[in-house]
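Coordinates in review
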Amino acid sequence: MSEAQITERLRRLPAVDRLLQVPPLPDLLGQWPKELVVGAVRAVLDRQRDLIRQGEEPLDAPALAGHAAARIAASTRTSLRRVINATGVVLHTNLGRAPLGTEAVEAIVAVAGGYSSLEMDLASGKRGERYAHVVRLLQVLTGAEDSLVVNNNAAAVLLVLHTLARGREVVVSRGQLVEIGGSFRIPEVMAASGATLVEVGTTNKTYLRDYEQAIGPQTAALLRVHTSNYRLVGFTRQVTAAELAGLGHRYGLPVIEDLGSGLLADLSPWGIRGEPLVTSSLQDGMDVVTFSGDKLLGGPQVGIILGQRKYLEDMKRNNLLRALRVDKLTLAALEATLRLYLQPDRALAQVPALRMLTVGPEELEARAAKLAGLLARACGPAVGVEVIRGFSQAGGGSLPGVDLPTFVVQVQPQDAGVRVEALAAELRQGDPAVIGRVRKDMLFLDVRTVPEGDFAELVRCFQAALVRAGARRATGSYR
Ligand SMILES: *Cc1c(COP(=O)(O)O)cnc(C)c1O
């Protein structure tokens, strides 16, 4: 292509003002801020100039206006959107961790649009405590004397350390200096709290005497951290909760445990082992324990602090709490979720995360067969569909090394021009978005995390995405 040809093609492109007169842009100018519409037109023209320089034929004005309209539609749609999670990762942090059950959703709806007793004691008509709504429930469920709920477990650890150890020392094993996804690191939270970290032991072995030797006049607490997202295996030694609690109490020091997930229901009958139970930690003598609400508990994003009243009272008086406090929607969802745990069978049946973690292989196989059948019927010969065995993960930095056997629908576009990455990208753009796993030339949809009630929507989105992926190939490299 000669320079002269390129120049001629560039000259044929309409000016911004002219393109703005091409439908549907005049209508869109009436609906949206001018900057937004003009910005989209400029971006489309810039992209078009690049393509012309690469040797492409320019599009005509109606096609350019269409692309600008698509850009405007994309930039004015809701950003936080519903997703069908077909990854099989039950507590997918990027997809919002635990989905809430019906009871929790209804509890949110009940208080969201109106007023609530958030900080009023309805019996006396006096000012109440927002944290009081779940104290009794947590007491019954765990045996803890007192409790407090904050924004997430990172905030819980920060508040505990800031209250009990600011300006003093906290002893931690080198084998437990964890980093959790999203930049939670024990040394950094410690620094932010104003406490000084005293590391003891080695990466693989820490003994009780290591802790004991580190105790001095500046020691404020001993901290144990659950290594939630990795396992120390091989030549290793960690001090048990009971041993550490015993040591702390001999020296009159509070002993704190960051449990990470904090299981309230025993899942070992389903082969899910290795996560500590909240009740065990307290029974072992921990004075303060913290854990997340949206990991294995299956509730909203919160950090739960349990423990002895004298420590919790200090935390409630800490001004930092005001910056970490939870809102009414969160408390409503948490209370509803905890209420289910009063009857463990109900929790297993109705807390979605627990249901997904404990669902049996027969049900998964039947569900996968059903989804495969629906997809094959809807898409015909355009895709090859097969049910295969696979593994799901708990996710959310819990249960590392635990592979949950599952059944997966394996999908392969049959049209050589439709690449599986393009299909996955179109699935992400749908409403709801569908997220699967891509490996080699295949897309895998794990039914463990897709309730049957979502199948019809998933199939509709899949069909539409397949059509768009095919059309995208037809219009070439425009996007
Ligand atoms: C997940 C986790 C955290 C952070 O909890 P968030 O609720 O995500 O803030 C802290 N400590 C441990 C051990 C964890 O597993």
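Our subject is the structure listed above.
Residues numbered from 1 in each chain as written. Predicted model: local features only at pLDDT ≥ 70, side-chain atom pairs only at ≥ 80, totals over all residues. Heavy atoms only, no water.

Things to note about the site of the ligand
Lining the immediate surroundings of the ligand are Arg97, Asn152, Asn153, Ala154, Ile180, Phe184, His226, Ser228, Asp258, Gly260, Ser292 and Lys295. Contact distances for the ligand include 2.9 Å between an oxygen atom and a side-chain N or O atom of Arg97. In this structure, Asn153 approaches the ligand through a main-chain N or O atom, which is 2.9 Å from an oxygen atom. The protein chains hide 95% of the 380 Å² of surface that the ligand would expose on its own. Spatially, the ligand is embedded in the largest pocket. Mapped onto the shell around the ligand, the elements with two or more residues apiece are helix 8 (153-165) and strand 11 (255-260). Across the shell around the ligand, the residue classes break down as three nonpolar, six polar and three charged. (Near = heavy atom within 4 Å. Polar contact = N/O pair within 3.5 Å; in protein donor to acceptor, adjacent residues only side chain to side chain. Areas by Shrake-Rupley, 256 points an atom, 1.4 Å probe, with all protein chains shown as cover. 1 Å grid on protein atoms, 1.4 Å probe; cavity = no way out; pocket = protein on both sides within 12 Å on 5 of 7 lines; lining within 4 Å. Sits in = over half its atoms within 2 Å of the grid points. Helix = DSSP H or I, 4+ residues; strand = E, 2+ residues; numbered from the N terminus. Nonpolar A, V, L, I, M, F, W, Y, C, P; charged D, E, K, R; others polar.)

Remarks on empty space enclosed by the protein
The tally for this structure, following the rule as stated, stands at one cavity of 30 Å³ or more. Size it by volume and the largest cavity reaches roughly 30 Å³. Around the largest cavity sit Gly101, Ala104, Gly298, Ala336, Thr337, Leu340, Gln350 and Val351, which together line it. Per element, the largest residue contribution to the lining of the largest cavity is three residues, and it comes from helix 15 (residues 328-341). Across the lining of the largest cavity, the residue classes tally to four nonpolar, four polar and no charged. (Points joined across faces, edges and corners; volume = space filled by probe spheres on them.)

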